Amino acid sequence: MAVDLTLDVLTVAPALLGAHVRVHGVTLLLTEVEAYAGTDDPAAHAYRGWRPRTRHLFEPPGTLYCYRSYGIHICANVVCGPAGSGSAVLLRAGRVVDGLEFARSRRPGVPDARLARGPGCLGQALALTLDDSGRRFGQGGLELLPAAEPAVATVSGPRVGVSVAARRPWRFWLPGEPSVSAYRASPRLREITSVLGDPHAG
DNA sequence: GCTTTGATAGACT
DNA sequence: GTCTATCAAAGCA
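The text that follows walks through the structure, step by step, so that each part is easy to find.

About the thresholds
Position numbers for residues start from 1 in each chain and track the written sequence from start to end. Working convention: letters from A go to chains and numbers from 1 go to ligands, in the order in which they are written. Selection of residues for local features in this predicted model requires a pLDDT of at least 70, selection of side-chain atom pairs for listing and counting requires 80 or more, and totals for whole chains, interfaces and linings are taken over all residues. The basis for the side-chain values is all heavy atoms of the structure; hydrogens and waters are excluded. Should a side-chain nitrogen of Lys or Arg be within 4 Å of a carboxyl oxygen of Asp or Glu, the pair is scored as a salt bridge. Numbering of helices and strands starts at the N terminus; helices are DSSP runs of H or I of at least 4 residues and strands are runs of E of at least 2. To sort residues, take the accessible area from a 1.4 Å probe on protein chains only and compare it with the maximum for the residue type: under 20% means buried, over 50% means exposed, and anything in between is partly exposed.

**Examining the pattern of salt bridges**
Reasoning step 1: All chains considered together, the criterion is met by 11 salt bridges.
Reasoning step 2: One salt bridge connects Arg 22 with Asp 98, and the closest N-O pair in it is separated by 3.3 Å. One end of the pair, Arg 22, is in strand E1 (residues 20-23); the other, Asp 98, is in strand E5 (residues 87-98), and 76 residues separate them in sequence.
Reasoning step 3: Using a relative accessible area of 25% as the deciding quantity, one classes Arg 22 as partly exposed.
Reasoning step 4: Looking at Asp 98, the relative accessible area reads 39%, which means it is partly exposed.
Reasoning step 5: For Glu 34, the salt bridge is made with Arg 92, and the minimal N-O distance between the two is 3.6 Å. Remark: Arg 92 occurs in strand E5 and Glu 34 occurs in strand E2 (residues 26-37); sequence separation between them is 58 residues.
Reasoning step 6: Residue Arg 92 is classed as buried on the basis of its relative accessible area of 6%.
Reasoning step 7: Residues joined by salt bridges that share partners form a network here, namely Glu 32, Glu 34, Arg 92 and Arg 171.

Written as structure tokens, this is what we have:
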């Protein structure tokens, strides 16, 4: 049962848990994702509309959108939702199920369970670069394979490192997976929190 | 032009 | 638990 990427991002995101992503010789089972609802979502890169950097977000569902974070990391998103909505699912973490040798060589000294723990690590394990942004799943060796069966259970919570709309529980993960990254509030949110109180409450 | 800011990760106390 | 390297874009003047 393939995931219909044209559905709402909040439907697509949890449906991608357990799915496989294959690129650059490594296959990853997705264990953690976050939903970003395009121009409706203050935390999304697409919120302020089309920009040169975010152009691939506005391409058809099934497009890969990669961006550079904090100077050194490459994070990957799957564009989804209605065409042109700018919605995407951030791939935060996964478990390497094939191509372990490649992933290990790209992240020397890292235990297998942590090869793709966190969006920056995931990009590194998959050897993603900004040149991969704009590629389409299903073409040129970039594949998105649906989960063999729907996830037994999923959990949701606030998105990591997001300083706005922090109350939207749009992070989804598979409970009990060692490859799921720990929650970290945005540095900016932490400042705000210290003054206004806990934004996770309520 | 110049300043601010991250959808981070790893090192450190 | 806290601190920060690092750099491309965005935002502003």
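Next comes the rest of the description.
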